[in-house]
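So the chains spell out like this:
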Amino acid sequence: MKNIAILISGGGSNMKSIIKRSQKAQWLKRYQTQIGLVLSNDPLASGIDWAKGQGLSTAIVDHKNFLQEENPRRAFEDALIHTLEPLAPDLIVLAGFMRILSPHFVSRYTNKLMNIHPSLLPAFTGLHTHQRAIDAGVKFAGASVHWVSDVVDAGQIIDQAVVPILPGDTASGLASRVLTQEHLLYPRAIENWLKTQAT
Ligand code: GRF
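K.L.:
Explanation requested: the side chain of T129 in the structure shown.
P.N.:
Its place among the elements puts T129 in helix 6 (residues 129-136). A polar contact is formed between the side chain of T129 and the backbone oxygen of P118, at a distance of 3.0 Å.

Here is the structure:
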């Protein structure tokens, strides 16, 4: 049995699309793979309630609880590791998870940590990607699924989806068209990875 953990920070629309795909495509039966945990760093993330409603295990590791520690990021990451360890995750999927993970966490899960970023990497790493793409005058935006490395948004690209930028596009209009593609791209990238793992 393989275990996938999904890390979110909010509504988790990508998480929902992955879980729906896992159910529809029968990942349990076909790939002996389950979504073993949905974890949020934000206790108010509505995606957690949705995941509970699907009968999935959920956890909250609130990064704010560690702000008084000498090294808050490390303490938060140790708590994340502590929560993930019983699951022995084969894959950790970052889906709208809005905390930067340091090498302390990333090196522990080399080649097991996947992220989606709403740009055509290596262009527009970081935040506000859609506005920056519009401002730069590029004609195509999109989304990238990549392995997480020590450098933010710079790990090996797994798959991408292209979305044209239309005349007069706004950041929010573009973001919603990109998000629609993310919902197809991320489950597909994970399923392709599962196929490579099948024995
Ligand atoms: C998505 O664009 C994702 O790529 C980015 O955060 C946005 C929201 O994702 N990292 P979700 O609805 O929380 O999955």
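K.L.:
What is the right way to look at the packing of aromatic side chains in this model?
P.N.:
Between two aromatic rings, the relevant description is the distance of the centres plus the angle of the planes. Under the counting rule described, the total for this entry stands at 2 aromatic pairs. Aromatic pair F66 and F76: ring centres 6.3 Å apart, planes at 55 degrees, arrangement tilted. Of this pair, F66 sits in the loop between strand 3 (58-60) and helix 4 (72-84) while F76 sits in helix 4, and the two are 10 residues apart along the sequence. For the residue pair F66 and F76, the accessibility class agrees, reading buried in each case. Centroid distance F105 to Y109: 5.0 Å. Interplanar angle 50 degrees. Geometry classified as tilted. Across the pair, exposure class does not vary: F105 and Y109 are buried alike.

K.L.:
For this particular structure, what's the right way to read the pattern of salt bridges?
P.N.:
It is possible for side chains of opposite charge to pair when their charged atoms get near one another. Going through the model one piece at a time under the given rule, you end up with 5 salt bridges. The partner of R108 in a salt bridge is E85, with the nearest N and O atoms 3.4 Å apart. Here E85 lies in the loop between helix 4 and strand 4 (91-94) and R108 lies in the loop between helix 5 (103-106) and strand 5 (113-117), a separation of 23 residues in the sequence. By relative accessible area, which is 45% here, R108 ends up partly exposed.

K.L.:
Explanation requested: the sheet that holds strand 4 in the structure shown.
P.N.:
In a beta sheet, neighbouring strands pair by backbone hydrogen bonds and run either parallel or antiparallel. The strand order 3-2-1-4-5-6-7 describes an open sheet built from 7 strands, whose pairing is mixed. Two strands in the sheet have a free side with no partner beyond their single neighbour: strand 3 and strand 7 (157-164). Across the sheet, the mean angle separating the axes of adjacent strands is 20 degrees when strand polarity is ignored. Relative to strand 3, strand 2 (residues 33-40) runs parallel, the two sharing 3 bridges. Bridge assignment links V38 to a residue of strand 3, and that residue is T58. Along the sheet, helix 1 (residues 13-24) contacts strand 1 (2-8), strand 2, strand 4 and strand 5; its crossing angle with strand 2, the most-contacted strand, is approximately 165 degrees.

K.L.:
Would you take a moment to explain helix 6 for this structure?
P.N.:
For helix 6, every residue scored as buried is listed here: T129, H130 and A133. In a view along the axis of helix 6, the buried residues occupy a sector of 100 degrees, so they form one face of it. Looking at the buried residues of helix 6, the elements they touch are strand 5 and helix 7 (171-197). Downstream of helix 6 by a residue or two, G137 has a phi angle that is positive, lying close to 75 degrees.

K.L.:
Which parts of the structure should I look at to understand the packing of helix 6 against helix 7?
P.N.:
When two helices pack together, you describe them by how their axes are tilted relative to each other and by the distance separating the axes. In the contact formed by helix 6 and helix 7, the axes pass within 9 Å of each other and the chain directions differ by 115 degrees. Regarding helix 6 and helix 7, the two cross each other, and that crossing is right-handed. On the side of helix 6, the interface is formed by H130, Q131 and I134, while helix 7 contributes A171, L174, A175 and V178. A breakdown of the residues in the contact of helix 6 with helix 7 according to their chemical character gives 5 nonpolar, 2 polar and no charged.

K.L.:
Sorry if this is basic, but what is going on with the pairing of strand 2 here?
P.N.:
Both faces of the sheet carry side chains from a regular strand, because those side chains alternate between them. Taking burial as the measure, the 8 residues of strand 2 include 7 buried ones, the bulk of the element. With helix 3 (residues 46-53) bridging strand 2 and the parallel strand 3, this β-α-β connection has right-handed handedness.

K.L.:
Explanation requested: the environment of H104 in the structure shown.
P.N.:
Mapped onto the elements, H104 comes out in helix 5. Take H104: its relative accessible area is 24%, and that puts it in the partly exposed class. Considered as a pair, H104 and D150 are 46 residues apart in the sequence and their alpha carbons are 9.1 Å apart. Dropping the residues within four chain positions of it, H104 is found in contact with R74, E77, D78 and I81. Polar side-chain contacts of H104 include one of 3.4 Å to the side chain of R74.

What counts and what doesn't
Residues numbered from 1 in each chain as written. Predicted model: local features only at pLDDT ≥ 70, side-chain atom pairs only at ≥ 80, totals over all residues. Heavy atoms only, no water. Helix = DSSP H or I, 4+ residues; strand = E, 2+ residues; numbered from the N terminus. Polar contact = N/O pair within 3.5 Å; in protein donor to acceptor, adjacent residues only side chain to side chain. Phe/Tyr/Trp six-rings, centres within 6.5 Å; stacked < 30°, edge-to-face > 60°. Buried < 20%, exposed > 50% of the residue type's maximum accessible area, 1.4 Å probe, protein only. Salt bridge = Lys/Arg side-chain N within 4 Å of Asp/Glu carboxyl O. Pairing = 2+ DSSP bridges. Axes fitted to C-alpha atoms, helices over the stretch in contact; angles between N-to-C directions. Contact = heavy atoms within 4.5 Å. Arc of directions from axis to C-beta. Left-handed = near helix turned anticlockwise from the far one by under 90°. Nonpolar A, V, L, I, M, F, W, Y, C, P; charged D, E, K, R; others polar. Right-handed = clockwise from strand over helix to strand, strands pointing away.

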